[in-house]
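The lines below spell out each chain.
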Amino acid sequence: MALKIVKGSIDRMFDKNLQDLVRGIRNHKEDEAKYISTCIDEIKQELKQDNIAVKANAVCKLTYLQMLGYDVSWAAFNIVEVMSSSKFTYKRIGYLAASQCFHESTDVIMLTTNQIRKDLSSPNQYDTGVALTGLSCFVTPDLARDLANDIMTLMSHTKPYIRKKAVLIMYKVFLKYPESLRPAFPRLKEKLEDPDPGVQSAAVNVICELARRNPKNYLSLAPLFFKLMTSSTNNWVLIKIIKLFGALTPLEPRLGKKLIEPLTNLIHSTSAMSLLYECVNTVIAVLISLSSGMPNHSASIQVMKYLGLLAMSKILKTHPKSVQSHKDLILQCLDDKDESIRLRALDLLYGMVSKKNLMEIVKKLMLHVDKAEGTTYRDELLTKIIDICSQSNYQYITNFEWYISILVELTRLEGTRHGHLIASQMLDVAIRVKAIRAFAVAQMATLLDNAHLLTGNMQRNGICEVLYAAAWICGEFSEHLENPMQTLEAMLRPKVATLPGHIQAVYVQNAAKLFATVLKSQEGNTDSTAAQETSQLMIDRLPLFVQSANLEVQERASCILQLVKYIQKLQQKDVEVAEEVNALFAGELNPVAPKAQKKVPVPEGLDLDAWINEPPSESESEDEQPKAIFAKEEPKHSRPRHTEVDEKELARRREVRKQEQANNPFYIKASPSSQKVYQDTPGVEHIPVVQIDLSVPLKVPGLPMSDQYVKLEEERRQKERAEKKKKVKKNRKEKRSGRGKKHDSGPESEEDITPAHLVDIVTEEMPEVCWSCYSQKQHSNCLSLCFGFPRPLADSEKLPVRSHRAAEALKSPVEDGDARSAAIQEPKKKSSKEKREKKKDKDRDRKVKLKYFFENYVPFILKIALPSVYLVDETMLFSPIKVYDIQGNLQDGSQVVVSVIFENKCDSFLKSMEFNVLDSLNTKLQRPEGSGPHDGLAVPFQLPPGVSNEAQFVFTVQSIVMPQKLKGTLTFIVKNEDSSTHEKLDFKLHFTCTSYLITTPCYSDAFAKLLESGDLKSSSVRLEGVNMPFHHLLARICFHHHFSVVERIDSCASMYSRSVQGHHVCLLVKTAGQTVNVDAKCDEPTLLGNVLDEIKQTFSQC
Amino acid sequence: MHFLLLFSRQGKLRLQKWFTPLTDREKKKVIRDMMMLVLARPQRFCNFLQWRDLKIVYKRYASLYFCAALDNQDNELLTLEVLHRYVELLDKYFGNVCELDIIFNFEKAYFILDEFLMGGEILETSKAAVGVCLEEADTLQETVEEYMSKPAY
């Protein structure tokens, strides 16, 4: 026997192995067939040998040749021989060959039954594995019948590796031998809840495939699958489940309704195209089933419409062009009876407008405004129209006369709440678009004239706010008025007294302005009676306002009344006063950026923080103070004086602001790129104001009709186009090179449409803070406050980015722990200090801790599942690793702050990042008011290549006893020199229970009382093989799990921590050799269990 | 999934896996058809085509075409992900996989596939789990080979 083996291996040395064969074939390109036929002869010789190794080698080569298209069926028996070898190496090759070469009509398959059965029950899981894999390829009805029982037993095998294979192969068995389905099904169903995700997904796969053939039998599983669908985070499995539902819904229409919500959630949140596609597929299936199975046919169409619009809004973000072509369809949806569909359509329209279609879209919307029933929807329409028109600095408006007339038309709406919106738009446009002022003034004058139309039923009518704007515009730009006298009279009508106080005040003030203008025009005349009559008119009418209940109106009116009386006296003496009266209101109004105030230096000697009067006592009521309705207050033309900047004062104020920001956990640092030197900004003159007047005045008497502008605009564009064409023709004539571009054909592009008026755009380049000084200062501050931290924040220029967890944090756990406890105790020592200072110190302290925390404490790694792998893998655009930290909020037990560090690892610029999380019932991302539950939060910075920055997000948490994972997506735009693409990244946020714990110091007596109280449930955990000094271990628990040490005696220590919701967690840690016993008590057993699990995990990772 | 084929741009078959058993003649015909259809398509075309009553999903990675056939109700995008995942697995196992790796270690390529797909269904969605299984099976095989003191394939 021994001789045989030796002989075999000597023979073997002269054989070709597979690699030799492949190489040989590649070297004999010309006479491949001949070479292979000699090889096959050799193989035949090898197969005749007794040595199994030689045979296996031969079979392996045959498998390769089979792939090249050579018939190897003659060797089927040898394959079976190799399969039945007891060595895994050969068995593996044998089964591979069998799975490649055998088919149902291969007769030797019958011989394999017993061998396979033997392998299935092999103690080696990989023997069983290859047998199952092979069987899956060549299973015949006979094999299925004979082996079904064995495979069923394997479905409950202890190893998940075998279980999942057995589950999957059952599908093949069912197909070949359907009788096995009934007995096997209960076990299959069981596997849906298998603890191993692989087995679970295999079971889902099988049932999904079965259900597609005969869905009826699987309806009963729907609730189970529904649960799986809402809980699973595995996209592969989700797709199958959703597919299954697609098969089930035609049979059970009620299911469709239930599915809509989770499906929409998925559509909203996923970035995996395949999952999205499957969702949409199923939604369609659901819809078809709804429409066929249910009597109310229209409901399904509505659902379809809604989802369609939803999908479009998703597409719109990345491919606006493709959605724009469906404009008409979307406009049709505005006619829908269902309000939610209409609102969706409106949302879409907002993103769809361009210079070209703005007028048309708004025209359609105006029609709907007229038709609309119900004020809420009409108000929504109104705000949308204004939003659409005013978005990004009136970017899409080419004709402002049209816009003004739209606004005026909107004032005819009854009962809207949004009068102030229209008013502020009017003001904004009139101030910023100089060319439009004359037109605007004319319109406003008509409006004032017809004020009685607007104020039909004054009390609940918000539209009268418009009069505020109208009065102000008429007064301020009165030089453009055709007939100021008439307007003046309109403004002084007795009916005005019924308007709200703040509007009356504006009326009075602007009446004075108008009066000045009128005087000026009348004084030139030889006849002075006209001027005197005007004064008389004022004197007659103003007392009405002097009696007003509103203080502001009263004050202004009496002021102006006295002034006019004085003027009248002068007039009677034939003194020319117009000049001087006009001087009262002289000066040009310029638009100013909202942040411009910051640029104005504070005059020397002015302490803004000093009280001018003694602070008011709290009992003083605030009712009497007039409310400011608009952000824009009455304009005053006093220019700020420019004085030298007081360095000290500036520094002091900066300090105060820094403190404020540092103490505000939601304050996010701007990127250092927005650096500004403070002193270089002396005054308002330096605010760049783009002023280009390009007027196309069109006089339209009476109330404007916006429609005519649509026509006019069309004509204007045509003219422009024609001119352009001419130019192009000229160019062509000049060039004659034959490379003429097709300028004249095709629709004009966005850029070709030039606006008729230009908006004064105030470039907002004012920084909020000058970061250069800020960050430098801050560091020195930190250093001085560091309380002897072992490692000062020297490397803090770089934002902390740790790619892996333990490496950094492990370095000095003791030191970290000490530093932390030092930091905690510090404020206590300062108890003798003055109250206010102490508070400041504490704040600073907290800030330092926070910062230290970010630098050195890296508790979690954001795990990002990348289902749509080609998106990210091919380009490596964005680093998949981000480090984040979850901290409970001390003040509010239901809030958790998550700090996320975004690092850009690619070479492109990343911008417009949007962070979104799919809320669970328990944990919700806090979004600003007014945004929907699926809206993302904009990340307030952009990332140049290689830069990282940190943002914080606030979550509200209801229950903190369980850890939680939230799925989320980050969308962002990747900008290269030549292109920019929209990308998405999926990630998961793990809220561990530890993150809800807050390090809270506890004294030993209080600790003892707490333990005695008996309210606490206890639990314990044992950590094996912990190979570190005890103080390291404690530091580690303190550090990673937010505990503080209460007392330590030798190898035993008590620790304490408190959750954000006030649960006490007490630990007793004892060590003996390499074993650590942690006995724990807490008033919430679930929380305790989870915290202990997390502690265990921490130590299992070291 | 009914079958998975890997073939080169020159029309050489590199790997074939049939999840529904066919006779050799049928297989040859299918392979010929697939190559004709897929290789004729320009690169910018979409990755899907209809063939008889099956949907064909293919994707080209370097010089290799990965081509799979699925039922009409199946999800094409999911199949693309499956193909990509298989490439990732190969890549992980061979370390920057190239066509030659698959030619010379074609049985390994099959073993990887067997751990990932079974009977045309996804067996294991976790890359790590597949890697572990392969490694364990390989050590099993290699120790046996060492025992027999023969060079590894």
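Quick caveat, the model's predicted, so the values are computed rather than measured.

Calculation notes
Residues numbered from 1 in each chain as written. Chains lettered and ligands numbered in written order. Predicted model: local features only at pLDDT ≥ 70, side-chain atom pairs only at ≥ 80, totals over all residues. Heavy atoms only, no water. Helix = DSSP H or I, 4+ residues; strand = E, 2+ residues; numbered from the N terminus. Buried < 20%, exposed > 50% of the residue type's maximum accessible area, 1.4 Å probe, protein only. Contact = heavy atoms within 4.5 Å. Areas by Shrake-Rupley, 256 points an atom, 1.4 Å probe, with all protein chains shown as cover. Pairing = 2+ DSSP bridges. Polar contact = N/O pair within 3.5 Å; in protein donor to acceptor, adjacent residues only side chain to side chain. Patch = residues over 30% accessible without salt bridge, like charges linked within 9 Å, V, L, I, M, F, W, Y side chains within 5 Å. Salt bridge = Lys/Arg side-chain N within 4 Å of Asp/Glu carboxyl O. Lys, Arg positive; Asp, Glu negative; His and termini not counted. Charge placed at Lys NZ, Arg CZ, Asp CG, Glu CD. pLDDT = per-residue confidence, 0-100. Expected span 1.5 Å × (residues − 1). Phe/Tyr/Trp six-rings, centres within 6.5 Å; stacked < 30°, edge-to-face > 60°. Lys NZ or Arg CZ within 6 Å of the ring centre and 35° of its normal. Axes fitted to C-alpha atoms, helices over the stretch in contact; angles between N-to-C directions.

1. Section: the overall build of chain A
- Broken down by element type, chain A carries 42 helices and 15 strands.
- The buried share among the 1102 residues of chain A stands at 49%.
- Sequence separation of at least 24 residues holds for 72% of the intrachain contacts in chain A that already meet a minimum separation of 6.
- Accessible surface, chain A as shown: approximately 54,000 Å² in total, 53% of it carbon and sulfur.

2. Remarks on the pairing of strand S7 (residues 948–957) of chain A
All names here are of chain A.
- For S7, the tally of buried residues reaches nine of 10 residues, placing the bulk of the element in the interior.
- Bridge count for strand S3 (residues 895–903) against S7 is nine bridges, and the pairing is antiparallel. What sits directly across from Val-896, in S7, is Phe-955.
- Inspection of the sheet shows strand S5 (residues 923–925) paired to S7 by three bridges, in the antiparallel sense. Considered in S7, the bridge of Thr-923 is made with Val-957.

3. Notes on the side chain of Lys-55 of chain B
Residue and element names in this part refer to chain B.
- For Lys-55, the position within the fold is in strand S4 (residues 54–61).
- On the accessibility criterion, Lys-55 (10% relative accessible area) is buried.
- In this structure the side chain of Lys-55 is engaged in a polar contact, spanning 2.8 Å, whose partner is the backbone oxygen of Asn-72.
- Among the polar contacts listed, one links the side chain of Lys-55 to the backbone oxygen of Asp-74, at a separation of 2.9 Å.
- With sequence-adjacent residues up to four places away left out, Lys-55 is seen in contact with Leu-49, Gln-50, Ala-68, Ala-69, Leu-70, Asp-71, Asn-72, Asp-74 and Glu-76.

4. Considerations on the sheet that holds strand S4 (residues 909–917) of chain A
- A sheet is described by the order of its strands in space; here four strands give the open sequence S6-S4-S8-S9 (chain A), paired in antiparallel fashion. Two strands close off the open sheet at either side, each with one partner strand: strand S6 (937–938) and strand S9 (980–991) of chain A.

5. Some details on a negative patch on the surface
- The grouping of Asp-574, Glu-576, Glu-579 and Glu-580 of chain A at the surface amounts to a negative patch.
- Mapped onto the secondary structure, Glu-580 of chain A falls in helix H32 (residues 578–583).

6. Some thoughts on the confidence of the model for chain B
- Taken residue by residue, chain B gives an average pLDDT of 84. The fraction at 70 or more is 92%.
- Reported for the predicted complex are a pTM of 0.44 and an ipTM of 0.89.

7. What about helix H5 (residues 76–83) of chain A?
Residues and elements named next belong to chain A.
- For H5, the buried fraction is high: six of the eight residues fall into the buried class.
- By the burial criterion, the buried members of H5 are Ala-76, Asn-78, Ile-79, Val-80, Val-82 and Met-83.
- Each element contacted by the buried residues of H5 is listed here: helix H3 (32–48), helix H4 (52–67), helix H6 (88–101), helix H7 (109–120) and helix H8 (125–138).

8. Description of the pattern of salt bridges
- In this structure the tally under the stated criterion is 34 salt bridges over all chains.
- Between Arg-52 of chain B and Asp-33 of chain B there is a salt bridge, and its shortest N-O distance comes to 3.7 Å. One end of the pair, Arg-52 of chain B, is in the loop between strand S3 (48–51) and S4; the other, Asp-33 of chain B, is in helix H1 (residues 24–39), with 19 residues separating them in the sequence.
- Note on Arg-52 of chain B: relative accessible area 54%, which makes it exposed.
- Ionic pairing is found between Arg-85 of chain B and Glu-88 of chain B, a salt bridge with its closest N-O pair at 3.2 Å. Taken together, the positions of Arg-85 of chain B and Glu-88 of chain B, both in helix H2 (residues 76–95) and three residues apart, correspond to about one turn of that helix.
- Here the salt bridges share partners, and the residues they tie into one network are Glu-209, Arg-212 and Lys-240 of chain A together with Asp-74 and Glu-121 of chain B.

9. Quick look at helix H42 (residues 1085–1100) of chain A
- Its 16 residues give H42 of chain A an end-to-end C-alpha distance of 22 Å, which sits within 8% of 22 Å, the value for a rise of 1.5 Å per residue.
- Residues of H42 of chain A that are buried: Leu-1087, Leu-1088, Asn-1090, Val-1091, Leu-1092, Glu-1094, Ile-1095, Thr-1098 and Phe-1099 of chain A.

10. With respect to the packing of aromatic side chains
- Following the criterion strictly, the structure yields 18 aromatic pairs over all chains and no others.
- The interplanar angle of 90° and the centroid separation of 6.4 Å between the aromatic rings of Phe-1007 of chain A and Tyr-1056 of chain A together place this pair among those described as edge-to-face. Of this pair, Phe-1007 of chain A sits in helix H40 (residues 1004–1012) while Tyr-1056 of chain A sits in strand S13 (residues 1052–1059), and the two are 49 residues apart along the sequence.
- A connected cluster of aromatic rings, assembled from ring pairs, spans Tyr-394, Phe-400, Trp-402 and Tyr-403 of chain A.
- Stacked on the ring of Phe-111 of chain B, the Lys or Arg Arg-92 of chain A has its end atom at 3.7 Å from the ring centre.

11. Considerations on the sheet that holds strand S5 (residues 64–70) of chain B
All names here are of chain B.
- One open sheet holds the five strands; their spatial order is S2-S1-S5-S4-S3, and the pairing between them is antiparallel. Two strands in the sheet have a free side with no partner beyond their single neighbour: strand S2 (13–18) and S3. On average, each strand axis in the sheet is inclined to that of its neighbour by 20°, with strand direction left out of account.
- Note: S3 against S4, four bridges, orientation antiparallel. Bridging across to S4, Gln-50 finds its partner in Lys-55.
- Most of the contacts of H1 go to strand S1 (residues 3–8), to which it runs at about 60°, and overall it touches S1, S2, S3, S4 and S5.

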